[in-house]
Amino acid sequence: MGRVSTLLNETSTFVEPASSPLLLLGQGRDLASERGVECTGALPSPSDPDLVERARAARAALGDRAFVLGHHYQRDEVIDFADVTGDSFKLAQSAAARPEAEFVIFCGVHFMAESADILTADSQQVVLPDMAAGCSMADMAEISQVEEAWAVLEDAGVAADTIPVTYMNSTAAIKAFTGRHGGTVCTSSNAQVALRWAFDKVGGVEGTGKVLFMPDQHLGRNTAVLQLGMSLDDCVVFDPRKPDGGLTADELRDARMILWRGHCSVHGRFSERNVTDIRAAVPGINVLVHPECKHEVVNAADMVGSTEYIIKALENAEPGSSWAIGTELNLVRRVAAAHPDKQVHYLDSTVCFCSTMNRIDLPHLVWAMESLVEGRVVNRIVVDADDAHWAQVALDQMLALPGI
């Protein structure tokens, strides 16, 4: 009980877990960072007492020319200036629905801004306030690795019976690969529908066809086993760092789900011990986790769902009920503040924020908006035309799935 005691206090209100300090990129250079980039201008100081007012002034000056999107995992200081808040796909859809906006300022990470560029009109310009805002999961599947993996499947004689499905949390190049090979994109909300569609193309869930699922092995495994009724033995993990993915041809032929060796650095840290400890500390608590968590964590939880699902679950929860939530801390903190009539706890008392998502802070947002006011478009995200075409094919296939 000692490991989670810091989550609790006498009034059972939300207690901020200990977190690691965030690296603030953009001031100077840090080539060891995810993208090794620097800001091409002078960032305002985070301690500038006029920072909020500068943000308000720049936002007002841009008016309808700009549309600001804020992902659920962003800091509150950024969310305060977002026109729309949501998960990655909802935000990309929202951007596409605002063709009158000259600039789409995407407060999220790189792959999300790419999706927005693909789905918006050519006349619109997508801006990412900090180019260092990447995604460690998306970066775990490089296009050259995926193409080599497909060659391994061809050599094993299984590529013709395999449909690629890529998670929204992937680069435009991976989405394009998926589109070229007849696959689709999925979100954490519709992964079951996407996988069932893919299997139906190669004989159905009960058949012998396969899905290559990228880049998050946990979402693929959890969906296949818990929602499609497959077994863990039906799943193999393809490790791009090993020859032939670390798998034999027989293992590939016997598998139904070929899972890419990738994961979310935040959700992957939650453990079954976290669930055990919080249940001991708070009897009767409801444990709600994201499907990017490990299989044993999802099995130990009471409920599993996407960020949107988590938000709605708390909205519909009974007053006085207790909840432990396993997802990024910014979202949990915001949900707790929105529901003071419920006891909301963070599942792990020590896990850090999503460091890449948190690269975007108020100084970067102010710099990006003030630059646009001055007539300079900074950090524009532009997807290669051929990749954009095939990625849109995959995204359109997702949009055609039932329930979207």
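What you see is a predicted model, and the numbers here were worked out from it, not measured in a lab. (Residues numbered from 1 in each chain as written. Predicted model: local features only at pLDDT ≥ 70, side-chain atom pairs only at ≥ 80, totals over all residues. Heavy atoms only, no water.)

I'd like to hear about the overall build of the protein, residue by residue, with values.
When helices and strands are counted, the protein shows 15 helices and 14 strands. For the protein, with 404 residues in total, the buried portion stands at 58%. Total accessible area on the protein stands at roughly 16000 Å², and carbon and sulfur atoms take up 49% of it. (Helix = DSSP H or I, 4+ residues; strand = E, 2+ residues; numbered from the N terminus. Buried < 20%, exposed > 50% of the residue type's maximum accessible area, 1.4 Å probe, protein only. Areas by Shrake-Rupley, 256 points an atom, 1.4 Å probe, with all protein chains shown as cover.)

Talk me through the pattern of salt bridges; I want residue IDs and the actual numbers.
According to the stated counting rule, one finds 14 salt bridges in the structure shown. Among the ionic pairs, R98 bridges to E100, the shortest N-O distance being 2.6 Å. R98 gets classed as partly exposed once you look at its relative accessible area, which sits at 26%. Across the pair D386 and R180 runs a salt bridge whose closest N-O atoms are separated by 2.7 Å. Linking D386 in helix α15 (residues 385–399) with R180 in helix α6 (residues 172–180), this pair joins segments that are 206 residues apart in sequence. The exposure class assigned to D386 is partly exposed, which follows from its relative accessible area of 41%. (Salt bridge = Lys/Arg side-chain N within 4 Å of Asp/Glu carboxyl O.)

So what's going on with unusual backbone geometry? Which residues, and what values?
Outside of glycine, negative phi angles account for most residues, and trans bonds account for most peptide bonds. The omega torsion across M214 and P215 is -20°, close enough to zero to call that bond cis. One non-glycine residue, D244, adopts positive backbone phi at about 55°. Tracing the backbone shows D244 in the loop between β8 (235–238) and α9 (249–254). In this structure, N379 takes a positive phi of about 50° despite not being glycine.

Before we move on, can you summarise the side chain of T178 with the specific residues and values?
The residue T178 is located in helix α6 in this model. Ignoring any residue separated from it by four or fewer positions in sequence, one finds T178 in contact with P164, V165, T166, G183, T184, M214 and A394. (Contact = heavy atoms within 4.5 Å.)

With reference to specific residues and values, describe the sheet that holds strand β7 (residues 210–214).
Taking strand neighbours across the sheet as the criterion, the five strands line up as β6-β5-β7-β9-β8 in an open arrangement whose pairing is parallel. This sheet does not close on itself; its edge strands, each paired only once, are β6 (184–186) and β8. Neighbour to neighbour, the strand axes of the sheet diverge by 25° on average, direction disregarded. (Pairing = 2+ DSSP bridges. Axes fitted to C-alpha atoms, helices over the stretch in contact; angles between N-to-C directions.)

Kindly report on the sheet that holds strand β10 (residues 286–289), identifying the contributing residues and their values.
With parallel pairing, the four strands of this open sheet are ordered in space as β11-β10-β12-β13. The open sheet terminates on both sides in strands that have one partner only, identified here as β11 (303–304) and β13 (343–346). As judged from the four bridges shared by β10 and strand β12 (residues 322–326), these two strands associate in the parallel manner. What sits directly across from V287, in β12, is A324. Strand contacts of helix α12 (residues 307–316): β10, β11, β12 and β13, with the helix running at about 155° to β10, the strand carrying the most contacts.

Outline the nonpolar core, supporting the account with residue identities and numerical values.
If you look at the biggest cluster of nonpolar residues, it comprises 112 residues, and the most contacted ones within it are I105, F213, M257 and V287. Ranked by residues supplied to this core, first place goes to helix α14 (residues 362–373) with seven residues. F213 has contacts with V165, C186, L195, L219, G220, M257, I258, L259 and W260, leaving out every residue within four places of it along the chain. The next biggest cluster of nonpolar side chains, apart from the first, holds 20 residues, and it includes V146, W150, F177 and M214. (Core = buried A, V, L, I, M, F, W, Y, C linked by side-chain atoms within 4.5 Å.)

Lay out empty space enclosed by the protein in plain terms, naming residues and giving numbers.
Scanning the model with the defined rule gives one cavity of 30 Å³ or more in all. Taken as a whole, the largest cavity spans an internal volume of roughly 310 Å³. H71, Y73, M112, N169 and E292 are, among the 30 residues lining the largest cavity, the residues nearest its centre. Of all elements in the fold, only α3 (88–96) and α4 (110–119) reach the threshold of two or more residues within the lining of the largest cavity. Taken together, the residues of the lining of the largest cavity sort by class into 13 nonpolar, 14 polar and three charged. (1 Å grid on protein atoms, 1.4 Å probe; cavity = no way out; pocket = protein on both sides within 12 Å on 5 of 7 lines; lining within 4 Å. Points joined across faces, edges and corners; volume = space filled by probe spheres on them. Nonpolar A, V, L, I, M, F, W, Y, C, P; charged D, E, K, R; others polar.)

Can you tell me about the environment of F67, naming the residues and giving the values?
Along the chain, F67 turns up in strand β1 (residues 66–71). Along the primary structure F67 and E102 are separated by 35 residues, whereas in three dimensions their C-alpha atoms are 8.1 Å apart. Residues in contact with F67, not counting those within four places in the same chain, are R59, D83, V84, S94, A95, R98, A101, F103, V104 and I105.

Geometric descriptors of this kind do not, in isolation, establish any biological role.
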